[in-house]
Every structure is written in C-alpha cells, then in structure tokens.
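Read off the chains here:
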Amino acid sequence: MLSSLAVASLLSIVVAEPVALTMLDKVHYPHAKCLDGTQAGYYAQEASSEVDNTKWVIYLNGGGECDSEDACKGATEGALGSSKYFEETSDASGWYLGSDYCPKNPDLCSWNHVLDPYCTQDLHTGQVTRSELSDDNWHMYFSGHLVLEAILDDLDKRSNSLKNASEILLSGVSAGGLGVWTNVDYIAARYPLAKVTAATVAGFYFFATYYEGENHTDPGGMADFRESAFSDTYELYHAYVDQDCQQAMEASGRSVGACLVANVSYPFVQADSFVAQSQTDSVVLTGHDCWPGDYMYEAPEVEFMTEWYMNMTAALAPLMQTDEASIDGSTPRSGVFAAACYTHGGFTSTYPLINDMNMYTAFGNFYFNRTGPEGYKLSDDCGVMCNPTCQ
C-alpha cells in the first residue's frame, strides 16, 4: 500500500495548481493594451524543479486574427479582444509544450511556464500605440508585440528573472504559432546568453488561395490570408516582423507584409525550430481558403484538398532537409512532425502518431539530440488524411 506521502507526491504530478493572472499595470506598461484598450496580462508558473529554474517555455495563445471593423469589434466582446473577460486563473496542462502535466509533457513540465493569452487579434505582431489610433484602425489597439515586450519586461523584474534564463522555448499554436516566427529572433537578441528555440503547433502557414468551386464558402470573420492582402494587414497592425525578413523584402521590392506568413519568414529565422503541422489543416482550409468541409468527399473538393496537401508538403520540405552544417551550430536546426490528418491543433500525447511517436516524443528527440533525424524529422508519406491514429 502506498504511504500518504507517496500518494500526495503522485497527486502533485497529476493535479496542478491553477496559474494566477498577472495584470500589466498601465503606469509601467502603458502600451500593453488589448484590442479594446483594456490593459493586457499574462499567466506565469514558476519552475517546479530547482534544476529547471533557468529554463522557460513562453506560450503564445492562438485565437484567430481580424482585419475588418466588424470582426475586430466582435473580438472585443470576449477574451480574445478584451481583458475584461480574462479568467483569474488558467490551467497550464493545456499549454502544449508549456504544459505542467508531466505524463503528457515529461521533458518540459517542470520548467517555468508563461502564457500570453492573446487579446490583440494581430498575430502577436502589432505595435499600435494610443497616438496612432485613428479611423483607419477603428481606434483599436493592435499591440500584440508590445504586449509581449511588456510581459518580458515584467518577467525580467521577478526574483527568478528571465534575464538569468539559460534556455527559452517560444512556442505557440495557430495565430500564436505565426507569432513565434515573427518574434523568436527578437527574443534571441534580447537574451543572448540563453538558448532560444521556436516551436509551433498549427502555425506554419502559406498564402491562402480561395476555393471558388461549387459549394464554396466565405471567410466570415477570418482575416484575408491571400498574398495581395498582407500589405494592408501589415500597415493595419503596424506589425513587427523578423528583421532579416523585413530587410530582404524591402531590398527585393516585395511587401514586408509577406513576412507575416511562416513559410516566407522561416528562411530568415536564426533560431532552431520545431514544427507540428497537419498536412491538411482543417481551420486553414475551411476558414482562410473558403473550402467547404461539409462536401469534403466530393470530387472538386478532394482535388483542391489534395493540391493543398501537396503545397504543405512542399512548404515543409526545407525543414525536412538534413543540413550537416547544423551539427556544429553554424546553421539553425529544424524538426518536423507533419501528420496526414484533417485537424488543426489536435496534437496530443496519444494521437496522432508517426512511426509510433507522438509530437512530444519527436520534440524531445529534436531538442535534446536523443536521436538522429529519423526521430524528429517525421512526415507522413501515405497520402491525404491517411494516418490511422488521427482523431
């Protein structure tokens, strides 16, 4: 029979304490605004193991984005646009690689964990301040990058200061994943003594192409992700993007807004990176590409989805390549977990599996150099939606 001490120890592993909300006060952080102008905040959980005291996972939440007045005003009626709706606590077990649930996330569960809950609808890139409010931005604060800056400033002031970090994993899902690509090298430059790594779930996007066949839908409140739209989106958000990508776009005469898309910014990112991605992303297809999921097995819809799958496979191909120079650190390393599933953020410790490995195992193999590329460059090659472990 287990002793009461042993039972308490087991419960501490499985049952985590709720993580309290920390608000960013307007005196010290006047630019840390949600979309509606309320002050932003974050959730921070200290490391549960002293040996991990200098290791951090910063998790950028997802939740879409907006580029129209109606959609953005709608967002302010909930937590994705206003801190008036923030919960007082958050359950860290659902923060993917920032989870404190050790059976699911054994490698990183005892690190420091931080959640940026995302209330700016700008892919964590916006830099709009009060002096820049106008009719052109509907007097809304697209301030996601400024919020992230303020969170980092506040973490720097803690007794366990982020300035002392030895390792920082910037992770994110969906819109948060897109925010990882634009912000990870900023964090690496800000904390030069730390090993800084990017990890995204459902955050590796390319430009949208609208499905225009029979039964097509419309984007609804989803932002326009076609290439032609990103110049306006970049201006609306006053977006912060990867600085090397920005310089390259300016030199080539392309819109800097292209850097908001992952497969454009990725080649310029200097940090190591890991991508978990569905080869047929359900939210991108139905939301950004106007593809009708209700008719997914009709011939025209199958043809479009097959082409989309091929485009995603091509977009991930550079990350799948084995670059020998990365072994000595001269070029960034990359890991991939690309499942032949019809899902968006549905990556768990039990499904999907590739070669009997889940996303968390593949990430651990990549980050801790436990295996060669066969353990962390994983991409289904069976066709469209053919992984039997998908849920």
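Given the structure is predicted, the values throughout are model-derived calculations rather than measurements.

## Points about the sheet that holds strand E4 (residues 89-90)
The strand order E4-E1-E2-E5-E3-E6-E7-E8-E9-E10 describes an open sheet built from 10 strands, whose pairing is mixed. In the strand order of this sheet, the two ends are held by E4 and strand E10 (377-379), each with one partner. Two elements, strand E7 (residues 195-201) and strand E8 (residues 272-281), share 5 bridges in a ladder whose sense is parallel. In the sheet register, threonine 197 faces E8, and the bridge partner there is aspartate 272. Where helix H10 (residues 359-367) meets the sheet, it contacts strand E6 (167-173), E7, E8, strand E9 (334-343) and E10, and its direction lies at approximately 150° from that of E8.

## Looking at the state of the cysteines
Using the criterion set out here, one finds 6 disulfides in the structure. What pairs with cysteine 245 in a disulfide is cysteine 259, and their sulfur atoms sit 2.1 Å apart. Given an S-S torsion of about -95°, the disulfide between cysteine 245 and cysteine 259 has left-handed geometry. Residue cysteine 245 is located in helix H6 (residues 243-252), and its partner cysteine 259 is located in the loop between H6 and helix H7 (262-265); the two are separated by 14 residues in the primary sequence. Look at cysteine 245 and you get buried, because its relative accessible area is 0%.

## As for the packing of aromatic side chains
Tallied over the entire structure, the rule returns 21 aromatic pairs. Aromatic pair phenylalanine 204 and tyrosine 266: ring centres 6.2 Å apart, planes at 70°, arrangement edge-to-face. Within this pair, whereas phenylalanine 204 is found in the loop between E7 and helix H5 (230-237), its partner tyrosine 266 is found in the loop between H7 and E8, the two being separated by 62 residues in sequence. The exposure classification of phenylalanine 204 matches that of tyrosine 266, with both residues buried. Plain terms: the ring middles of phenylalanine 363 and tyrosine 367 are 5.5 Å apart, the flat faces sit at 20° to each other, and that makes the pair stacked. Here phenylalanine 363 pairs with tyrosine 367, and both are found in helix H10, just 4 residues apart, close to one helical turn. When its relative accessible area of 3% is taken as the criterion, tyrosine 367 is described as buried. These aromatic residues form a ring-pair network of at least three members: Trp111, Phe274, Phe363, Phe366, Tyr367, Phe368 and Tyr376. Over the ring of tyrosine 367 we find lysine 195; its NZ or CZ atom is 3.7 Å from the centre of that ring. One cation-aromatic arrangement involves arginine 333 over tyrosine 376; the distance from NZ or CZ to the ring centre is 5.3 Å.

## Some thoughts on the pairing of strand E3 (residues 55-60)
Of all 6 residues in E3, 6 are buried, a share of seventy percent or more. Because side chains alternate across E3, one face comprises the buried residues Lys55, Val57 and Tyr59, and the other comprises Trp56, Ile58 and Leu60, equally buried. When E3 meets E6, the two strands line up parallel, connected through 6 bridges. Each bridged residue has a counterpart across the sheet, and for isoleucine 58 the counterpart in E6 is leucine 170. Pairing between E3 and strand E5 (residues 112-116): 5 bridges, direction parallel.

Definitions and limits used
- Residues numbered from 1 in each chain as written.
- Predicted model: local features only at pLDDT ≥ 70, side-chain atom pairs only at ≥ 80, totals over all residues.
- Heavy atoms only, no water.
- Pairing = 2+ DSSP bridges.
- Helix = DSSP H or I, 4+ residues; strand = E, 2+ residues; numbered from the N terminus.
- Contact = heavy atoms within 4.5 Å.
- Axes fitted to C-alpha atoms, helices over the stretch in contact; angles between N-to-C directions.
- Disulfide = S-S within 2.5 Å.
- Buried < 20%, exposed > 50% of the residue type's maximum accessible area, 1.4 Å probe, protein only.
- Phe/Tyr/Trp six-rings, centres within 6.5 Å; stacked < 30°, edge-to-face > 60°.
- Lys NZ or Arg CZ within 6 Å of the ring centre and 35° of its normal.

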